Amino acid sequence: MAAASPGREPDQSPLHRTAPAPGGWRTGEAASGLALISPTLLYAAFLLLLPILIVFAYSFWTQDFLTIDHTFTLANYRAALTEPIYLDLLGRSLINALSVSVLAVLMAYPLAYFISFYGGASKNLWLFLITVPCWTSYLLRIMSWKIVLGYNGVLNSGLMRLGLIDKPIETLVYNSNAVIIALLHSWLAFAVLPIFVSLEKLDRSLIEAAHDLGDTAVQRFLRIILPLTLPGVTYAFLIVMIPTVGDYITPKLIGGSDGVMIATAIQAQFGKAANWPLGAALSITTMIAASLLAGLVVLVGRRLVRALA
Amino acid sequence: MTDPMIAIHALEKSYGIYKALHAVSLDVAPGEFFSLLGPSGCGKTTLLRSIAGFETPSAGDIRIDGESVIGKAPNQRPTNMVFQNYAIFPHLSVAENVAYGLKRLKLSPSEEKRRVSEALDQVRLGSYGERRAQQLSGGQRQRVALARALVLRPKVLLLDEPLSALDKKLREEMQVELRALQRAVGITFVLVTHDQYEALALSDRIAVMFAGRVAQIATPKEIYQHPQSREVAAFLGGMNFLSGRILNETATSLSVEAGRFGTVAATKPAGFTRTGETTALGIRPERLRILWEPQDTPHQITGTVVDRDYFGETTHLRIRAEGLDEPLSVIETNSFGADDLPRGATVQLAYDPEAFVALAD
Ligand SMILES: Nc1ncnc2c1ncn2[C@@H]1O[C@H](COP(=O)(O)OP(=O)(O)O)[C@@H](O)[C@H]1O
Ligand SMILES: [Mg+2]
């Protein structure tokens, strides 16, 4: 041991006697650690892991009218990956979720930046104000977008009143754009928080050091602030992207036929179509596709930030 | 005198109604190791950051190498700074940290590499280029911060308490290194510190500051031996304060009747103005000696040991002498047995009647 001073046997000091006793992990620190987290661990396993395992199992079975045929088959996955309707819906879900999450991060960053750097004593007030929309019901918020974007909606009548258009724009609602706008509005606050936290943790003297070493404001942002808040950006992206892929209510209410997403198809399989195994396979496929896409975006994002620095 | 590298004139800085700097004026010569010394909160950092460009002064002028830098951003000034917490970029390696400011110069990769390794060698971190900031000790981080600033060859290097985060032994080693480094590179250093020993050991000149004002600017020896005020005297080590009646005054000294000490000659500090018949006097604790053998000199007084603190090589004694309100502080080396003196022992203290200084209040 290089660190020990000569002539001293560190392992014989009384402090070291409590180190791993014979009898393995059951008596050691690992055991008390496990005991401490076991309630949460069981809870998490029961509520998170178990449902996923059940869905996973179903995806390899076959619906036989009212019963389930438990022989292993990949037919559900074949259907999920080859039927154009499912691929279409999955693709649209991924594109919509990606648009929402990227836009959310792009809009949340300036907000979080402003609050963190210029919020002064009223930072908490600003954060509170940003979360205010979340206090009203999710459904109400989506319905109000219908009022804003509708044929006789606020936006159309406003534009007409201003004389910018002669007749209402019909393509505002009941399509993917409306879904993206409504989802963005719902999730923006959730993207602000992680970015805000990482900006708050950023040591301001690092920015001053970069300034001192010759950087302009843009260089300081690209070389110091952005790389060091990337974990917050990544988290914000994931926290918006993952749930929006499977969003059901928003496309249902304001997506029209053009804005349908994969969750509608999955819901149909578990509901009217009563084909749980296909629904399960669609769910698992969506989960894996969303994870892969999210991972890819995170990797590309990191590369991009490194290249910009 | 050559033109100053830094010329600060009547600098003021207010935060709202609070005034952190009051009419600060000082000059720093090229190649000088200059220290700003003062207690916490006296405005040292504010002054240093005004030179660097991080604070905008409310009034006054700062010239660096003849050019006013007022209104210029930190990246447009020929200064670089070593921050108090070092501010090492955690996402970059040691070499990337050092190369950070060089990127702007668009050097060839080989030239950039050469300058980085030269700077790392200068701070004795030659083999640490690939390490991450998290893998470094406090002393090593400080060296990286130094290399990162010095590699840009600034006209002025500003250091904000660079050694205060280090433990005592490392701090003393780094003091020696910092001084040697400054001599080697020949760059003007401005160091902020609240540690008087650090300032005395490192500096060519020191500015002592209190409450946003400069109290005295002088060489370490001058400041220690001839402090201009009671405040400066007390901040730089121990001082026994007395008072006396002025008998005679010349251009450089005063003859003072100082009670039990008899008639003594006190050096007159620069800018001393007599305010009346009496004056405050000071004598440093190490200028009082215990007489171990009886001596036939008029310059001695009798006292009783009331307290003592043992410091290894020295002992600090508090000795109550007849006719004085306050016990005297005395510092004795332990060669003759000062560490064995019991409380209550009676001792004879000898002093040099020329070792007193007159102090403005
Ligand atoms: N940004 C600021 N706002 C208000 N007061 C400040 C600010 N920065 C420093 N001060 C005040 O100015 C005084 C001098 O501070 P500083 O220069 O940091 O002192 P020092 O470095 O000597 O400890 C302190 O009283 C401090 O509270
Ligand atoms: Mg300070």
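Residues numbered from 1 in each chain as written. Chains lettered and ligands numbered in written order. Predicted model: local features only at pLDDT ≥ 70, side-chain atom pairs only at ≥ 80, totals over all residues. Heavy atoms only, no water.

The tally for this structure, following the rule as stated, stands at 20 aromatic pairs over all chains. Between F114 of chain A and W126 of chain A the ring centres are 5.5 Å apart and the planes differ by 85 degrees, which places this aromatic pair in the edge-to-face class. In this pair, F114 of chain A is assigned in helix α3 (residues 84-118) and W126 of chain A in helix α4 (residues 123-131), connecting sequence segments 12 residues apart. The exposure class assigned to F114 of chain A is partly exposed, which follows from its relative accessible area of 37%. Taking the relative accessible area as the measure of exposure, W126 of chain A reaches 36% and is therefore partly exposed. Centre to centre, the rings of F128 of chain A and W135 of chain A are 5.8 Å apart; their planes meet at 80 degrees, and the pair counts as edge-to-face. Residue classification places F128 of chain A among the partly exposed residues on the basis of a relative accessible area of 41%. Classification of W135 of chain A as exposed rests on a relative accessible area of 65%. In textbook terms, an aromatic cluster arises when at least three aromatic residues are bridged by ring pairs, as seen for F56, F60, F72 and Y77 of chain A. Cation over ring: R148 of chain B sits above F89 of chain B, and NZ or CZ is 4.6 Å from the ring centre. The ring of Y224 of chain B carries R284 of chain B above its face, with NZ or CZ at 4.0 Å from the centroid. (Phe/Tyr/Trp six-rings, centres within 6.5 Å; stacked < 30°, edge-to-face > 60°. Helix = DSSP H or I, 4+ residues; strand = E, 2+ residues; numbered from the N terminus. Buried < 20%, exposed > 50% of the residue type's maximum accessible area, 1.4 Å probe, protein only. Lys NZ or Arg CZ within 6 Å of the ring centre and 35° of its normal.)

Looking now at the site of ligand 1. All names here are of chain B. Around ligand 1, the neighbouring residues are Y15, Y18, A20, P39, S40, G41, C42, G43, K44, T45 and T46. Within the side chain of Y18, an N or O atom sits 3.1 Å from an oxygen atom of ligand 1. In the environment of ligand 1, an oxygen atom lies 3.0 Å from a nitrogen or oxygen atom belonging to the backbone of K44. Contact with the protein chains hides 59% of the accessible area of ligand 1, taken as 560 Å² for the molecule alone. Counting residues per element, the ones that place at least two in the shell around ligand 1 are β2 (18-28) and α1 (44-52). (Near = heavy atom within 4 Å. Polar contact = N/O pair within 3.5 Å; in protein donor to acceptor, adjacent residues only side chain to side chain. Areas by Shrake-Rupley, 256 points an atom, 1.4 Å probe, with all protein chains shown as cover.)

For Q140 of chain B, the location among the structural elements is in helix α4 (residues 138-150). The residues contacting Q140 of chain B, other than those within four sequence positions of it, are L125, Y128 and Q135 of chain B. (Contact = heavy atoms within 4.5 Å.)

All names here are of chain B. In total, this model carries 24 salt bridges over all chains according to the counting rule given. Ionic pairing is found between R49 and E55, a salt bridge with its closest N-O pair at 3.1 Å. Here the two residues R49 and E55 agree in accessibility, since each one is buried. Across the pair E177 and R143 runs a salt bridge whose closest N-O atoms are separated by 3.1 Å. (Salt bridge = Lys/Arg side-chain N within 4 Å of Asp/Glu carboxyl O.)

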